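Overview (structure and organization)
This is what each chain is made of:
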Amino acid sequence: EIRTPMNAIIGMTDIAKANMSDMNKVEECLDKIESSSQHLLTLINDILDLSKIESGRMTLVSRTMSLDKIADKVEMLMRPQTDEKNITFELKRDYVRPIVVGDELRLSQILINIAGNALKFTHENGKITVRIQEVYSDNKAARIKFSIKDNGIGISREDQKKIFIAFEQAGQNSSSKYGGTGLGLAICREIINAHKQTIDVVSTVGVGSEFVFTLPKA
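I will try to describe carefully the structure that is included in this document.

About the cut-offs
Residues numbered from 1 in each chain as written. Predicted model: local features only at pLDDT ≥ 70, side-chain atom pairs only at ≥ 80, totals over all residues. Heavy atoms only, no water. 1 Å grid on protein atoms, 1.4 Å probe; cavity = no way out; pocket = protein on both sides within 12 Å on 5 of 7 lines; lining within 4 Å. Points joined across faces, edges and corners; volume = space filled by probe spheres on them. Helix = DSSP H or I, 4+ residues; strand = E, 2+ residues; numbered from the N terminus. Nonpolar A, V, L, I, M, F, W, Y, C, P; charged D, E, K, R; others polar. Contact = heavy atoms within 4.5 Å. Axes fitted to C-alpha atoms, helices over the stretch in contact; angles between N-to-C directions. Parallel < 35°, antiparallel > 145°, perpendicular 65-115°, else oblique. Left-handed = near helix turned anticlockwise from the far one by under 90°. Expected span 1.5 Å × (residues − 1). Bend = angle between axes of the 7 residues up to and from the residue. Buried < 20%, exposed > 50% of the residue type's maximum accessible area, 1.4 Å probe, protein only. Polar contact = N/O pair within 3.5 Å; in protein donor to acceptor, adjacent residues only side chain to side chain. Pairing = 2+ DSSP bridges.

Put simply, the second largest pocket is a space of about 220 Å³. Together, 16 residues line the second largest pocket, and Val 101, Gly 102, His 195, Leu 215 and Pro 216 are the ones closest to its centre. Examining the composition of the lining of the second largest pocket, we find that three residues originate from one element, strand β3 (residues 99-102), more than from any other. Here the lining of the second largest pocket is built from residues that sort into twelve nonpolar, three polar and one charged.

When you line up the elements, Ser 66 lands in strand β1 (residues 63-66). When the C-alpha atoms of Ser 66 and Arg 97 are compared, they prove to be 9.0 Å apart, with 31 residues separating the residues in sequence. Apart from the residues within four sequence positions on either side, Ser 66 is in contact with Pro 98, Ile 99 and Glu 104.

The next thing to look at is the packing of helix α1 (residues 3-18) against helix α2 (residues 23-54). Viewed as axis vectors pointing N to C, α1 and α2 meet at an angle of 165 degrees, and their least axial separation amounts to 9 Å. On the basis of their axis angle, the class for α1 and α2 is roughly antiparallel. Relative to α2, α1 is oriented so that their crossing is left-handed. Contact with α1, carried on its side by Pro 5, Met 6, Ala 8, Ile 9, Met 12, Thr 13, Ile 15 and Ala 16, involves Lys 25, Val 26, Cys 29, Lys 32, Ile 33, Ser 36, Ser 37, His 39 and Leu 40 of α2 and no other residues of that element.

Moving on, we come to unusual backbone geometry. The phi dihedral of Asn 86 falls on the positive side, at around 60 degrees, and the residue is not glycine. Positionally, Asn 86 belongs in the loop between α3 (67-84) and β2 (88-94). Although it is not a glycine, Lys 196 sits at a positive phi angle of roughly 60 degrees.

A word on α3. If you check α3, its first and last C-alpha atoms are 26 Å apart, about what 18 residues at 1.5 Å a residue would give, namely 26 Å. Of all the bends in α3, the greatest, near 35 degrees, is centred on Met 78, and the proline Pro 80 appears no more than four residues after it. Of the positions making up α3, those classed as buried are Leu 67, Ile 70, Ala 71, Val 74, Met 78 and Thr 82. Turning to α3, the residues buried within the fold contact β1, β2, β3, α4 (104-120), β4 (127-136) and β5 (142-150). Structurally, the start of α3 carries an N-cap: the backbone nitrogen of Asp 68 is 3.2 Å from a side-chain oxygen of Ser 66.

With that out of the way, let us pick up the pairing of strand β6 (residues 199-204). The side chains of a regular strand alternate, first on one face of the sheet and then on the other. Burial of the side chains of β6 is restricted to one face: Ile 199, Val 201 and Ser 203 are buried, whereas none of Asp 200, Val 202 and Thr 204 on the reverse face is. Pairing of β6 with strand β7 (residues 208-216) involves six bridges; the strand directions are antiparallel. Looking across to β7, one finds that Val 201 is bridged to Phe 211. Hairpin connection, β6 to β7: the antiparallel pair is bridged by three residues, and Gly 206 has positive phi, about 85 degrees.

Set out below in structure tokens:
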């Protein structure tokens, strides 16, 4: 995984050096170097996160946070990308009281990661819906249900068993065709597991996917 973007950076640097008089070629190489560098940085950050989780050094911060703030962050990051790809993006806020207790950074990381995956696997004119829903289990206790749904390419039953495993992706050609490190969903699952909760996926090939998890509302 690390070798691929590194080799691209080295290769594009060599090509740029050999074509210094051709500014169009140099600019093309620099664009590819920038893209590969961003991919490499993402991979390194994911590996560091996974390393923290596996060594037990990742701790969850429990403090007052705003669901509105988290929703705003997800929308701010996703909407420009979905607009560029001509994908409809909808964010549903189905809760009455936005102030809860939890780890705002990690929760945002989960939602942005899964929504980012939905963006990669949803074609032009598709739709992505992120829903944050307050669910009451009885008169005293409440839970917050999060769902990220798309009408993209979908995931086969066989591949659904792999997607939460580090460095595994749905289909052998997913990484080269759609990008990604194969770590994002594994990290999401581990963070959710740290909350003593689980994440589920319902998907049909050619129809789309929906990822769902819930967290207690404190």
